[in-house]
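So you can see what is in the structure, the chains are spelled out below.
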Amino acid sequence: MYRIKAWICYLFSFNLAYFIDTFRQLVRPTIMGETASPDPERAEEIKLLANEAFKAHKYSQAIDLYTQAIELNGSNAVYWANRAFAHTKLEEYGSAIQDATKAIEIDPKYSKGYYRRGAAYLAMGKFKEALKDFQQVKKICPNDPDAKKKLKECEKAVQKLKFEEAIAVHDAERRSIADSIDFHTIDVEPTYAGARIEGEVVTLEFVKNMIDDFRNQKCLHKRYAYQIILQTMQMLRALPSLVDINVTDGKHFTVCGDVHGQFYDLLNIFELNGLPSEDNPYLFNGDFVDRGSFSLEVILTLFAFKCMSPSAIYLARGNHESKNMNKIYGFEGEVKSKLSDTFVELFAEVFCCLPLAHVINNKVFVVHGGLFSVDGVKLSDIRSIDRFCEPPEEGLMCELLWSDPQPYPGRGPSKRGVGLAFGGDVTKRFLLENNLDLVVRSHEVKDDGYEIEHDGKLITVFSAPNYCDQMGNKGAFIRFKAPELKPNITSFTAVPHPNVKPMAYASNFLQMFS
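Residues numbered from 1 in each chain as written. Predicted model: local features only at pLDDT ≥ 70, side-chain atom pairs only at ≥ 80, totals over all residues. Heavy atoms only, no water.

## Section: the overall build of the chain
On a plain count of helices and strands, the chain comes out with 19 helices and 14 strands. In terms of C-alpha radius of gyration, the chain reaches 23 Å, essentially the compact-globule figure of 24 Å for 514 residues. The principal-axis extents of the C-alpha atoms in the chain amount to approximately 75 × 55 × 45 Å. Counting over 514 residues, the chain shows a buried share of 56%. Sequence separation of at least 24 residues holds for 72% of the intrachain contacts in the chain that already meet a minimum separation of 6. As displayed, the chain has an accessible area near 22900 Å², and 52% of this comes from carbon and sulfur atoms. Placing the 61 positive and 68 negative side-chain charges of the chain at their respective mean positions leaves the two points 3 Å apart. (Helix = DSSP H or I, 4+ residues; strand = E, 2+ residues; numbered from the N terminus. Rg over C-alpha atoms; globule rule 2.2 N^0.38 Å. Buried < 20%, exposed > 50% of the residue type's maximum accessible area, 1.4 Å probe, protein only. Contact = heavy atoms within 4.5 Å. Areas by Shrake-Rupley, 256 points an atom, 1.4 Å probe, with all protein chains shown as cover. Lys, Arg positive; Asp, Glu negative; His and termini not counted. Charge placed at Lys NZ, Arg CZ, Asp CG, Glu CD.)

## Digging into the pattern of salt bridges
Throughout the structure, instances matching the rule amount to 24 salt bridges. Where Glu 44 meets Lys 47, a salt bridge forms, and the shortest distance between an N and an O atom there is 2.9 Å. Taken as a pair, Glu 44 and Lys 47 lie in helix H2 (residues 40-55) at a separation of 3 residues, close to a single helical turn. Under the relative-accessibility criterion, Lys 47 is labelled buried at 13%. Counted as one network, the salt bridges with shared partners bring together Glu 92, Asp 404, Lys 415, Arg 416, Arg 441, Glu 444, Lys 446 and Glu 451. (Salt bridge = Lys/Arg side-chain N within 4 Å of Asp/Glu carboxyl O.)

## Digging into the packing of aromatic side chains
Considering all chains together, one arrives at 21 aromatic pairs under this definition. Consider the rings of Phe 303 and Phe 347, whose centres lie 6.4 Å apart with planes at 35°: the pair is tilted. With Phe 303 in helix H12 (residues 295-308) and Phe 347 in helix H15 (residues 341-351), the pair connects residues that are 44 residues apart, well separated along the chain. With relative accessibility at 0%, the residue Phe 303 sits in the buried group. Through pairs of rings, three or more aromatic residues link up here, namely Phe 214, Phe 263, Tyr 264 and Phe 294. When the ring centre of Trp 80 is taken as origin, the NZ or CZ atom of Lys 102, which lies over that ring, is 5.9 Å away. Sitting above the plane of the Phe 85 ring, Arg 116 keeps its charged end 4.0 Å from the centroid. (Phe/Tyr/Trp six-rings, centres within 6.5 Å; stacked < 30°, edge-to-face > 60°. Lys NZ or Arg CZ within 6 Å of the ring centre and 35° of its normal.)

## Focus: the sheet that holds strand S7 (residues 404-405)
Across the sheet, which stays open at both edges, the 3 strands sit in the order S7-S9-S8 with mixed pairing between neighbours. Either end of the sheet is taken by a strand with one partner, and the two such strands are S7 and strand S8 (411-413). Summarising the sheet, S8 and strand S9 (residues 420-422) pair through 3 bridges and their orientation is antiparallel. Its bridge partner being in S9, Gly 412 is matched across the sheet by Ala 421. (Pairing = 2+ DSSP bridges.)

## Section: the environment of Ile 104
With respect to the helices, strands and loops of the structure, Ile 104 is situated in helix H5 (residues 93-106). Note on Ile 104: relative accessible area 10%, which makes it buried. Along the chain, Ile 104 and Tyr 114 lie 10 residues apart, while their C-alpha atoms are 6.9 Å from each other. Ignoring any residue separated from it by four or fewer positions in sequence, one finds Ile 104 in contact with Gly 113, Tyr 114 and Arg 117.

## Looking at the UniProt feature "repeat: TPR" (unreviewed entry) in the chain
The sites that UniProt annotates as "repeat: TPR" (unreviewed entry) are residues 43-76, 77-110 and 111-144. A distance of 8 Å separates the end C-alpha atoms of residues 77-110, which is 79% helix and 0% strand. Counting secondary structure, residues 111-144 comes out at 79% helix and 0% strand; the distance between its end C-alpha atoms is 11 Å. (UniProt positions renumbered as here; feature names shortened; annotations may be inferred.)

## Let's talk about the packing of helix H6 (residues 111-123) against helix H7 (residues 127-140)
Two elements in contact, H6 and H7, have axes separated by 8 Å at closest approach and are oriented at 160°. Overall, the two elements H6 and H7 adopt an arrangement that is roughly antiparallel. In this structure, H6 crosses over H7, and the sense of that crossing is left-handed. The segment H6 lies against H7, with Ser 111, Tyr 114, Tyr 115, Arg 117, Gly 118, Ala 119, Tyr 121 and Leu 122 engaging Phe 127, Glu 129, Ala 130, Asp 133, Phe 134, Gln 136, Val 137 and Ile 140. Residues that form the contact of H6 with H7 fall into these classes: 10 nonpolar, 3 polar and 3 charged. (Axes fitted to C-alpha atoms, helices over the stretch in contact; angles between N-to-C directions. Parallel < 35°, antiparallel > 145°, perpendicular 65-115°, else oblique. Left-handed = near helix turned anticlockwise from the far one by under 90°. Nonpolar A, V, L, I, M, F, W, Y, C, P; charged D, E, K, R; others polar.)

Dropping the structure here:
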């Protein structure tokens, strides 16, 4: 019933979104004082400005400029392909595919159109679709060595996918890797000089020692890594999919957004706002891992604090806490490099135990992505989601992890190609129907580390400054004090880290397109 209702709403809202978007495109030139008639020379001047913005990593500005060029000369395939590339840099893969497809429609022999679309498909894990595009690139440019190389990598990825599908075990038949591990039986070598857990209890002293080791790029012994992960998993399993958090009057609570493996920036948050404790609790709102090359250090630190004091830190699932994302964006490769293949499987199980959303004092709804394709979703519906699985490609769980706000009313297609975009009216109805005051979500890079939208009813918080060492954004966190729970937002800049580039452990084919 939910899917039927959602589909009907999607059809209506997408048509509405299309109408609004078309209207905006028609009136925009007039608003900006530009003529709506074709002007190829002016379009080319704007394209050059867009290229400069792109080179300066100002991708949103580049998209706006390419859009202006398209409005003045929409028959130029280059403008569409360039805008697709800028969308890819902002992880807006759905929009990138749409733009690249338009470039191909304009010029079926324009190789960069297929190239950009193939790259976007790869970033989404759609390897078979990507392969078709790179085969077309090779056909158009048969002697291009770069095209040959990328096609070969894409073919490898598809073959690997087919092999994994062939040997895959059905979920009902799969045995839990966690049930097969007993960390007590793992010996710690006398030569190991790192942090140690004495007995069953993870102490603050251990966590501090572990952080110091990580800061100096030292590894944690596998025994203690297993212990932290397994103890965290046991706690997470017992939680509902929607967790209620109670902050007593006079006390405060901090919400952080995406960290994405930026361990040294995580430590800076703790420098600015204090370590997690019962008197200084945190919620980390998903996307702890991937892209940044210190993801293992981030996740073990957060898990260790959870073991030390469950009420000191809360953890929500993000769209990157999934097998598919981890395989593409680096976490799987990092874990294999620093620990072992067994830990890859174990983390996949733990991620499936993470709650999907939190509510603070029955007032503030905190979720990684956003809201839903249909009205009428109650908190009880979220609480009853069976989350112990890999994220599906539709439904409530998918939308909680993937959706984004949009500036105009209604609902529309997602710029990411997964989930949907929702307007301020959707936010207000959800809050009203559930007697809530505010939505806090993450999932998107913001220049100041945060953005307040939907008439103050929705805040995006993102805690990975200078994302991927190239975006130049600030990070932020939000501190709430009870009983008012007014958001007090702190922005901060990136701190230095060792000379290990982001995506160092990502899949070879993805690194080739970064």
